[in-house]
Amino acid sequence: MLIKSITALIGQTPLLEIDPKVHGLKNINLYAKLEHLNPFGSLKDRPAGEILAEEFEDIEASKQTVIESSSGNMAKAMQVLCSMRGIPFRVVANRFPVPEVKHILQVLGAQISEFPAMSSCPDPNDPNNPIAYIEREMNGKPGKYFHTSQFTNEKNMRAHFFGTGYEIIRDLRAPVDYFITGLGTTGSSRGAGEHLKSVNTKLQLVGVVARPGQSIPGIRNSDELFEVGLFKKDVYSRIVETSINESIDGMLILARQLGVLAGPTSGASYIAALKHLRTIDKRLKQKRNAVFIVCDRLEWYLSYLQKYRPELFGYATRKDTPRNLPEDVCSQAPQVNVEQALTLLSANPHCLVVDLRGSLAFKSGHIEGAINMPSDVLEDLCEMGVPFSKKHHVLFVCPQGDDSRKFAAFLTQHGITSASLSGGFVAWRDAGMPIFRPMLQQ
């Protein structure tokens, strides 16, 4: 194959039929769209090229810097495309969840502005989110920047409508009945999904997110399902949650049994596909087709895998950490119901309330006086020791009272008085208890 530019390799990715011996479905043909084989390593190569192609001449003529909010694949693709044209690229991101992504951007020459410990998804109500920061930068320096705006740019969807979706139908030569993909900007699910729906109006579009408080690179968690930019919740037939462990398990199946060297988000989509399809499969009388997206490559996530699956690298799994507490220990954690929690807080003004939900959920409403330490952040802290004093009485709050048990159990093991709020914040809210809403205070 002779090509004159690496950009000629964007798109035209294969559609892999998954061996039924691997997925176990009897009446559903399952296919993987191998978007990780794009030249810069992900499905974001398509919208990056689509968004920039028609703008490059004007950007070069006006000597602008391209600016975008991203903590992953879109930034990598845009940085490569810009540097090939000698155009500076600046990425504004919340905390990079995976160090390799930041390191690759540094190697490629990106200008990086990073904000600590916030959501990976734009918060429409936060005046300090990356999108708002970019708007302030552009207003303060008129003409300096060209903002590609991946979360709202219709070209994001168009790239997948005319690219990803079109190619799936062309290669499959049959309608798709179920389309499963992770929810980030949602450009791929909406763009490709709309093309597939134009062929089969009964298509079930399934979005994949991480469980509350968990972080799977590239997709939102269920705390972040607010409608912003291209995301419209009612477009989806179902939204399926997956855990970090499930995503890694799925990733290992793709890599070891199918030779697909994909990252954990692709593993999450594979597992979510099976969660959605297994029940349906038993009812079917005729064959159906399902497709999920393999969105990026495995090798960018080695530190993530070391953190959550150290045994893969020959390291012992640390036992003295809430991340690895067995269920029988978690089930013995001290718990209080809403009424008992209210009594506790009234009787002990020094009781420390630790809200384990994501930052956006916390900002939309929490128990007054609570501090926000998302589960993955607190797990990291506990790897280095117990981050609370024995003088503390700690009440843990998570969405539904399941995740908080492991932290209460962990602290109890270390002699610190603590409890989990049974039923979580949902129980607190449903009981009509007072909720502090900082967004309304702004």
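Residues numbered from 1 in each chain as written. Predicted model: local features only at pLDDT ≥ 70, side-chain atom pairs only at ≥ 80, totals over all residues. Heavy atoms only, no water.

### Comments concerning the environment of asparagine 221
Turning to step 1, where the next piece is worked out: The topology assignment puts asparagine 221 in the loop between β8 (204-210) and β9 (238-242).
Turning to step 2, where the next piece is worked out: C-alpha of asparagine 221 to C-alpha of proline 334: the two residues are 113 residues apart in sequence and 27 Å apart in space. (Helix = DSSP H or I, 4+ residues; strand = E, 2+ residues; numbered from the N terminus.)

### Concerning helix α9 (residues 244-258)
Turning to step 1, where the next piece is worked out: The end-to-end C-alpha distance of α9 is 20 Å, a good match for the 21 Å that 15 residues give at a rise of 1.5 Å each.
Turning to step 2, where the next piece is worked out: Those residues of α9 lying buried are Ile244, Glu246, Ser247, Ile248, Gly250, Met251, Leu252, Leu254 and Ala255.
Turning to step 3, where the next piece is worked out: Glycine 259, located one to two residues past α9, shows a positive phi value of around 70 degrees. (Expected span 1.5 Å × (residues − 1). Buried < 20%, exposed > 50% of the residue type's maximum accessible area, 1.4 Å probe, protein only.)

### Section: the packing of helix α7 (residues 154-172) against helix α8 (residues 187-199)
Turning to step 1, where the next piece is worked out: Here α7 crosses α8 at 50 degrees, and the two axes come no closer than 7 Å. Compared by their axis directions, α7 and α8 come out oblique. Where α7 crosses over α8, the two elements pack in a sense that is right-handed. On α8, the residues touching Asn156, Met157, His160, Phe161, Thr164, Gly165, Tyr166, Ile168 and Ile169 of α7 are Gly187, Ser188, Arg190, Gly191, Ala192, Glu194, His195, Leu196 and Val199. (Axes fitted to C-alpha atoms, helices over the stretch in contact; angles between N-to-C directions. Parallel < 35°, antiparallel > 145°, perpendicular 65-115°, else oblique. Left-handed = near helix turned anticlockwise from the far one by under 90°. Contact = heavy atoms within 4.5 Å.)

### Quick look at the side chain of serine 149
Turning to step 1, where the next piece is worked out: Mapped onto the elements, serine 149 comes out in the loop between β6 (145-147) and α7.
Turning to step 2, where the next piece is worked out: Among the polar contacts listed, one links the side chain of serine 149 to the side chain of threonine 152, at a separation of 2.5 Å. (Polar contact = N/O pair within 3.5 Å; in protein donor to acceptor, adjacent residues only side chain to side chain.)

### Some points on unusual backbone geometry
Turning to step 1, where the next piece is worked out: The backbone of arginine 173 shows a phi angle near 55 degrees, a positive value even though the residue is not glycine.
Turning to step 2, where the next piece is worked out: Here arginine 173 lies in the loop between α7 and β7 (178-182).

### Description of the sheet that holds strand β1 (residues 15-17)
Turning to step 1, where the next piece is worked out: Here we have 6 strands laid out as an open sheet, ordered β1-β2-β10-β7-β8-β9, and mixed in their pairing. The strands lining the two open edges of the sheet, one partner per strand, are β1 and β9. Averaged over neighbouring strand pairs, the angle between their axes works out to 25 degrees when direction is ignored.
Turning to step 2, where the next piece is worked out: Of the strands in this sheet, β1, β2 (28-34), β7 and β10 (288-294) are in contact with α7, which crosses β2 at around 130 degrees. (Pairing = 2+ DSSP bridges.)

### Let's talk about the sheet that holds strand β12 (residues 352-355)
Turning to step 1, where the next piece is worked out: Here we have 5 strands laid out as an open sheet, ordered β11-β15-β14-β12-β13, and parallel in their pairing. Of all the strands in the sheet, just β11 (335-336) and β13 (371-372) have a single pairing partner and so form its edges.
Turning to step 2, where the next piece is worked out: When strand β14 (residues 393-397) meets strand β15 (residues 417-421), the two strands line up parallel, connected through 4 bridges. Residue pairing in the sheet places histidine 393 in a bridge with threonine 417 of β15.
Turning to step 3, where the next piece is worked out: In the packing of helix α16 (residues 403-413) onto the sheet, contacts are made with β11, β14 and β15, and the angle to β15 comes to roughly 170 degrees.

### What to know about the pattern of salt bridges
Turning to step 1, where the next piece is worked out: Summed over all chains, the structure comprises 26 salt bridges.
Turning to step 2, where the next piece is worked out: Across the pair lysine 33 and glutamate 167 runs a salt bridge whose closest N-O atoms are separated by 2.8 Å. Taken together, the residues span a long stretch of sequence, with lysine 33 in strand β2 and glutamate 167 in helix α7 at a distance of 134 residues.
Turning to step 3, where the next piece is worked out: Exposure remark for lysine 33: the relative accessible area of 0% places this residue in the buried category.
Turning to step 4, where the next piece is worked out: Of the charged contacts, one joins glutamate 246 and arginine 211 as a salt bridge, the two residues approaching to 3.7 Å between their closest N and O atoms. Of this pair, glutamate 246 sits in helix α9 while arginine 211 sits in the loop between β8 and β9, and the two are 35 residues apart along the sequence.
Turning to step 5, where the next piece is worked out: Relative accessible area serves as the criterion here: at 33%, arginine 211 is assigned to the partly exposed category.
Turning to step 6, where the next piece is worked out: Each of Lys307, Arg323, Glu379, Asp380, Glu383, Asp403 and Lys406 takes part in a single network of salt bridges with overlapping partners. (Salt bridge = Lys/Arg side-chain N within 4 Å of Asp/Glu carboxyl O.)

### Thoughts on the nonpolar core
It is characteristic of soluble globular proteins that their nonpolar side chains tend to be buried jointly.
Turning to step 1, where the next piece is worked out: By size, the foremost hydrophobic cluster in this structure holds 64 residues, and its most contacted members are Leu30, Ile180, Leu277 and Phe292.
Turning to step 2, where the next piece is worked out: Among the elements that take part in this core, helix α10 (residues 264-283) stands out by supplying 8 residues, more than any other. (Core = buried A, V, L, I, M, F, W, Y, C linked by side-chain atoms within 4.5 Å.)

### Describing the packing of aromatic side chains
Turning to step 1, where the next piece is worked out: This structure, assessed with the given rule, holds 6 aromatic pairs.
Turning to step 2, where the next piece is worked out: Geometrically, the ring pair formed by phenylalanine 161 and phenylalanine 162 is edge-to-face, given 4.9 Å between the ring centres and 75 degrees between the ring planes.
Turning to step 3, where the next piece is worked out: We classify phenylalanine 161 as partly exposed; its relative accessible area is 23%.
Turning to step 4, where the next piece is worked out: What makes phenylalanine 162 exposed here is its relative accessible area of 56%.
Turning to step 5, where the next piece is worked out: Consider the rings of tyrosine 270 and phenylalanine 292, whose centres lie 5.7 Å apart with planes at 55 degrees: the pair is tilted. With tyrosine 270 in helix α10 and phenylalanine 292 in strand β10, this pair connects stretches of sequence that are 22 residues apart. We note that tyrosine 270, like phenylalanine 292, is buried.
Turning to step 6, where the next piece is worked out: The ring of tryptophan 300 has lysine 76 sitting right over it, with the charged end atom 3.0 Å from the ring centre.
Turning to step 7, where the next piece is worked out: Geometry around phenylalanine 425 places arginine 357 over its ring, the cationic atom sitting 3.9 Å from the centre. (Phe/Tyr/Trp six-rings, centres within 6.5 Å; stacked < 30°, edge-to-face > 60°. Lys NZ or Arg CZ within 6 Å of the ring centre and 35° of its normal.)

### Concerning the packing of helix α15 (residues 375-383) against α16
Turning to step 1, where the next piece is worked out: Here α15 crosses α16 at 20 degrees, and the two axes come no closer than 11 Å. When the axis of α15 is compared with that of α16, the two are roughly parallel. Our pair here, α15 against α16, has a crossing hand that is left-handed. Along its contact with α15, which presents Ser375, Leu378, Glu379 and Cys382, the element α16 presents Asp403, Lys406, Phe407 and Phe410.
Turning to step 2, where the next piece is worked out: Among the residues making up the contact of α15 with α16, the classes are represented as 4 nonpolar, 1 polar and 3 charged. (Nonpolar A, V, L, I, M, F, W, Y, C, P; charged D, E, K, R; others polar.)

### Side note on the pairing of β10
Turning to step 1, where the next piece is worked out: Most of β10 sits inside the fold, with 6 of its 7 residues counted as buried.
Turning to step 2, where the next piece is worked out: The pairing of β2 with β10 spans 7 bridges and is classified as parallel. Residue alanine 32 lies in a different strand from β10, and its bridge partner there is phenylalanine 292.
Turning to step 3, where the next piece is worked out: Looking at chain direction, β7 and β10 are connected through 3 bridges and run parallel. The residue of β10 that forms the bridge with tyrosine 178 is alanine 290.

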